[in-house]
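Working through the structure, step by step
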Amino acid sequence: MYIVLIGPPGAGKGTQSQHITEYLGIPHLSTGEMLREAIAQRTPTGRHAEPYISRGDLVPDPVVVEIVGERLQQPDCARGALFDGYPRTEGQAESLSEFLEQRGKQLDVAIEIAVDDEELLRRIVGRARTASRPRTDDTPEKFANRLRRFHEETSPLLAYYEERGLLERIDGIGSPDEVWRHTKQAIDARLQD
Ligand code: AMP
């Protein structure tokens, strides 16, 4: 199964990703993690991406499309993958469907984890206080910018996937286990299709 996970920063995509990848035995492809790794390794991609990430802006599509394209060529992605934090723009969504089509595959479902802005702001304040591995983009100001980017650039993807009959909207408020129960139901329904 090829699954896209969409949600604003702080919605709990990381936790749901762990459940989904374990449940389906598919690899977890987080572009945020790939980019942070590239920065840590000081690769050219990392150097290019760093200023965007530290501002809370989106990294330009060609950079992201390239790292995902490379990752998708690895054998563990042949039977499915969970895309976490990708695509974030319509351009990225188009290239993802091309990547999959080239391999005779298609996206099975786009799962939206929906959380309103007020709740997100409450969560991010908590996360900034307790994070064991602080992220440079988790300050309240940068978080606000990431949230704005989500509304401006990523949320149009919800309509994009809805038009294609691929969108499943999950209420992201509630305990992580509750959210997982609903996510699993949505996956199971698609598995039966
Ligand atoms: P995340 O860990 O998914 O919240 O991503 C952290 C940061 O990495 C984002 O705020 C962006 O700056 C960058 N990033 C991650 N994924 C993408 C993507 N698909 N397109 C553009 N920028 C991305």
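Every chain is numbered on its own, with residues counted from 1 as its sequence reads. Reporting in this predicted model follows two pLDDT cut-offs: at least 70 for local features of residues, and 80 or more for side-chain atom pairs to be given and counted; totals over whole chains, interfaces and linings ignore these cut-offs and use all residues. Hydrogens and water are ignored here; the side-chain numbers use all heavy atoms of the structure.

Strands pair, by our definition, only if DSSP identifies at least two bridges between them. By the criteria applied, helices consist of DSSP H or I runs no shorter than four residues and strands consist of E runs no shorter than two, each listed in order from the N terminus. Strand order across the open sheet formed by five strands is β2-β3-β1-β4-β5, with parallel pairing between neighbours. On the outer flanks of this sheet lie β2 (28-30) and β5 (167-171), each paired with one strand and no other. For this sheet, the mean angle separating the axes of adjacent strands, direction not counted, is 20°. In this description, contact between two residues means that some pair of their heavy atoms is separated by no more than 4.5 Å. Helix axes are fitted only over the stretch in contact, all axes being lines through C-alpha atoms; the angle between N-to-C directions runs from 0 to 180 degrees. On the sheet, helix α9 (residues 176-192) packs against β1 (2-6), β4 (109-114) and β5 and is oriented at approximately 160° with respect to β5.

So, about the packing of aromatic side chains. A pair of Phe, Tyr and Trp rings is counted when the ring centres sit within 6.5 Å of each other, with Trp represented by its six-membered ring. The angle between the planes then sorts it: under 30 degrees is stacked, over 60 is edge-to-face, the rest tilted. Applying the stated rule across the entire model yields three aromatic pairs. Considering the side-chain rings of Tyr23 and Trp180, the 5.7 Å spacing of their centres and the 80° angle between planes classify their relative orientation as edge-to-face. Placement of Tyr23 in helix α1 (residues 13-24) and of Trp180 in helix α9 is noted, with a sequence separation of 157 residues between them. Since its relative accessible area comes to 34%, Tyr23 is described here as partly exposed. As a reminder, the over-ring test applies to NZ of lysine and CZ of arginine, requiring each to be within 6 Å of the ring centre and within 35 degrees of the ring normal. Here the basic side chain of Arg55 rests over the ring of Tyr52, its NZ or CZ set 5.2 Å away from the ring centre. Think of it in three bands: with a 1.4 Å probe and only protein chains considered, a residue is buried below 20% of the maximum accessible area for its type, exposed above 50%, and partly exposed in between.

Moving on, we get to the pairing of β1. Two faces, one strand: in a regular strand the side chains alternate between the faces of the sheet. By the criterion of burial, β1 is predominantly enclosed, with five of the five residues buried. In β1, alternate side chains face the same way, and those of Tyr2, Val4 and Ile6 on one face and Ile3 and Leu5 on the other are all buried. Strand direction decides the pairing type here: β1 and strand β3 (residues 81-84), joined by four bridges, are parallel. By the bridge assignment for β3, Val4 is matched with Phe83. By the bridge criterion, four bridges tie β1 to β4 in an arrangement that is parallel. Paired with Ile6 across the strands is Glu112, a residue of β4.

This paragraph deals with the side chain of Glu119. Relative to the helices and strands, Glu119 resides in helix α6 (residues 117-130). On the accessibility criterion, Glu119 (16% relative accessible area) is buried. Within the structure, Glu119 has its side chain in polar contact with the side chain of Arg122 (distance 2.9 Å). Between N or O atoms, a polar contact is any pair within 3.5 Å; within protein, one atom must be a potential hydrogen donor and the other a potential acceptor, and residues adjacent in sequence are included only when both atoms are from side chains.

The next subject is unusual backbone geometry. Pro87 follows Tyr86 through a cis peptide bond whose omega is -5°. As for its placement among the helices and strands, Pro87 is situated in the loop between β3 and α5 (90-102). Positive phi, normally seen in glycine, also occurs at Arg42, with a value near 55°. Inspection of the secondary structure puts Arg42 in the loop between α2 (31-40) and α3 (44-55).

It is worth spelling out the site of the ligand at this point. Here a residue is near a molecule or strand as soon as one of its heavy atoms is found within 4 Å of it. Looking at the ligand, there are 16 residues lining it, with Thr31, Asp57, Gly85, Arg88 and Gln92 nearest. Note that a nitrogen atom of the ligand is positioned 2.9 Å from one of the side-chain N or O atoms of Arg88. Here Gln92 contributes a side-chain N or O atom positioned 2.9 Å from a nitrogen atom of the ligand. Note that accessible areas follow from Shrake-Rupley with a 1.4 Å probe, and for residues the cover is restricted to the protein chains shown. The fraction of the free accessible surface of the ligand (480 Å²) that becomes covered by protein chains is 96%. Of the residues forming the shell around the ligand, the biggest block, four residues, is contributed by α2.

Remark: nonpolar core denotes a set of buried residues (Ala, Val, Leu, Ile, Met, Phe, Trp, Tyr, Cys) joined through side-chain atoms within 4.5 Å. Core analysis: the biggest nonpolar cluster contains 31 residues, and Val4, Leu72, Phe83, Tyr86, Leu96, Leu107 and Tyr161 have the highest contact counts within it. Mapped by element, the contributors of at least two residues to this core are β1, α3, α4 (61-72), β3, α5 and α8 (156-163). With six residues, α4 is the largest single contributor of residues to this core. Setting aside chain neighbours within four positions, we find Phe83 in contact with Tyr2, Ile3, Val4, Leu5, Leu29, Val68, Leu72 and Leu96. Among the nonpolar cores identified, the runner-up in size contains 20 residues, and Met1, Ala11, Ile20 and Val115 belong to it.

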